[in-house]
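# Architecture and fold: a report
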Amino acid sequence: MKKLFFVIPLFLCLMSCRMYSDNAVLSILSYNLYLMFDDVESGDEYSPFRKEDGWSSDLYRNRVDGLSDLLSKEEYRSDIMLFQEVESCKVLEDLIDAGLGAYGPYYYGIIENISPISVGYISKYRPIAVRIHSSSSPRPILELEFLIGGERISVFCLHAMSRLDDGGYDERRDLFSLLSVLLMENSDRLCIAAGDFNEDPATGSAFCDVERGEGSGVLHATGKTDLVDVDVFYTAALDSSMDCYGTYYYESFESFDHILLNSFAFDGAGYDFANAEVLIPPGGTDELGRPVRYVPLEKTGFSDHFAVRAELVYNT
């Protein structure tokens, strides 16, 4: 079992319970940060985030400050923030210390020792349980269980294998199969699954739009709320009424980043889905509107992905 580094100082626990128990709106953000390495070299870093490439503590601080400023903007700031491609818990701590903490307090954690880049979270709410689910895929799924407004909520965070050189299909299929099972096993509560799926359900095969009827798909999504079922989950990327265009560009825009919701987000009780959007960072796109990854020596860009954000409103 992989270890989770889970930090909950006592004073944050007390403050969080007092400050955020009556929120009428629950906001969720998912963002692939693109190789968010810290400034402590371990030997597993990717270029250009190695000392031999010029990576330094000053450049790291510049990147942390810029990203913390972005996440502190009103349109990004969220109750639960889920991240992909994060190297260490130090990154999360430094993001909070750089300015994001002004909107806290926060709880945070990361799955350790799975790869140089992992999945992690920063949350205003204290998880009542943290679980890590593994299968034959090299990338496990992080589960955070919350009790918010009297409602039990399970939040899953994942980063599926890349399609680089047309690879990773078997690993993605295995991961999506596990996620589908987890969502169905927890169908007695509101479930949210977010992250970088590296497949667009409009064109994907392992993760696909239920209306396309792909027999090989193991994870099914829809943009129509009346089609949401125990094994079919909503994503705004397929909802024609939502302005949620692609989050990643390679030859064309594709929707790789999602916030999936089960039927409890549409039952008229507790937290229900209100809206979702793709967030375009100022200074983070090229002249064609495509996301621009962070370039250390130029101190430009943010990520090769856009963030996605959703809001749920509490019904009494």
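The structure displayed is predicted, hence computed values, not measured ones.

A count of helical and extended segments in the chain gives 4 helices and 17 strands. In terms of overall size, the chain behaves like a compact globule, its C-alpha atoms giving a radius of gyration of 18 Å where 316 residues would be expected to give roughly 20 Å. The principal-axis extent of the C-alpha atoms belonging to the chain is close to 50 × 50 × 40 Å. A buried classification covers 53% of the 316 residues belonging to the chain. At a minimum sequence separation of 6, the contacts of the chain that also span at least 24 residues come to 66%. Surface exposure of the chain reaches about 13200 Å², of which carbon and sulfur atoms provide 48%.

For the rest of this paragraph, the subject is the confidence of the model for the chain. The share of residues in the chain with pLDDT of 70 or more is 92%, and the mean pLDDT across the chain is 90. Long-range and interchain partners of residues 1-21, a stretch whose pLDDT sits below 50, account for 53 contacts in this model, where long-range means more than four residues apart.

Right, let's talk about helix α3 (residues 89-97) for a bit. One full turn of an α-helix is made of 3.6 residues, so residues set three or four places apart face in the same direction. Residues of α3 that are buried: C89, V91, L92, D94, L95 and I96. After α3 finishes, the residue G99 shows a positive phi value of roughly 150°.

Moving on: the packing of aromatic side chains. Scanning the entire structure with this criterion turns up 17 aromatic pairs. With a centroid separation of 6.4 Å and an interplanar angle of 45°, the aromatic rings of Y31 and Y76 are classed as tilted. Of this pair, Y31 sits in strand β2 (residues 25-36) while Y76 sits in the loop between α2 (57-72) and β3 (80-86), and the two are 45 residues apart along the sequence. Of the two residues, Y31 and Y76, neither departs from the other in class, the shared state being buried. Every member of this aromatic cluster is reached through a ring pair, and the members are Y34, F37, Y46, F49, W55 and Y60. Between R77 and the ring centre of Y103, over which it is positioned, the NZ or CZ distance is 4.0 Å. The ring of Y249 carries the charged tip of R290 above its face, separated from the ring centre by 5.1 Å.

A cluster of nonpolar side chains, contributed by V181, M184 and V230, occupies part of the molecular surface with about 210 Å² of accessible area. Tracing the sequence through the fold places V230 in the loop between β11 (219-222) and β12 (232-234).

Two side chains carrying opposite charge are able to pair once their charged atoms lie near each other. Going through the model one piece at a time under the given rule, you end up with 15 salt bridges. For D39, the salt bridge is made with K90, and the minimal N-O distance between the two is 3.0 Å. Here the residue D39 occupies a position in the loop between β2 and α2, and K90 occupies one in helix α3, the gap between them amounting to 51 residues. Under the relative-accessibility criterion, K90 is labelled partly exposed at 27%. The partner of D65 in a salt bridge is R61, and the shortest N-O contact between them spans 3.8 Å. Of this pair, D65 and R61 are both found in helix α2, 4 residues apart, which corresponds to roughly one turn of the helix. Take D65: its relative accessible area is 30%, and that puts it in the partly exposed class. Its relative accessible area of 34% is what places R61 among the partly exposed residues. Shared partners join several salt bridges into a network, and the residues in it are R131, E143, E145, R152, D188 and R189.

What counts and how
Residues numbered from 1 in each chain as written. Predicted model: local features only at pLDDT ≥ 70, side-chain atom pairs only at ≥ 80, totals over all residues. Heavy atoms only, no water. Helix = DSSP H or I, 4+ residues; strand = E, 2+ residues; numbered from the N terminus. Rg over C-alpha atoms; globule rule 2.2 N^0.38 Å. Buried < 20%, exposed > 50% of the residue type's maximum accessible area, 1.4 Å probe, protein only. Contact = heavy atoms within 4.5 Å. Areas by Shrake-Rupley, 256 points an atom, 1.4 Å probe, with all protein chains shown as cover. pLDDT = per-residue confidence, 0-100. Phe/Tyr/Trp six-rings, centres within 6.5 Å; stacked < 30°, edge-to-face > 60°. Lys NZ or Arg CZ within 6 Å of the ring centre and 35° of its normal. Patch = residues over 30% accessible without salt bridge, like charges linked within 9 Å, V, L, I, M, F, W, Y side chains within 5 Å. Salt bridge = Lys/Arg side-chain N within 4 Å of Asp/Glu carboxyl O.

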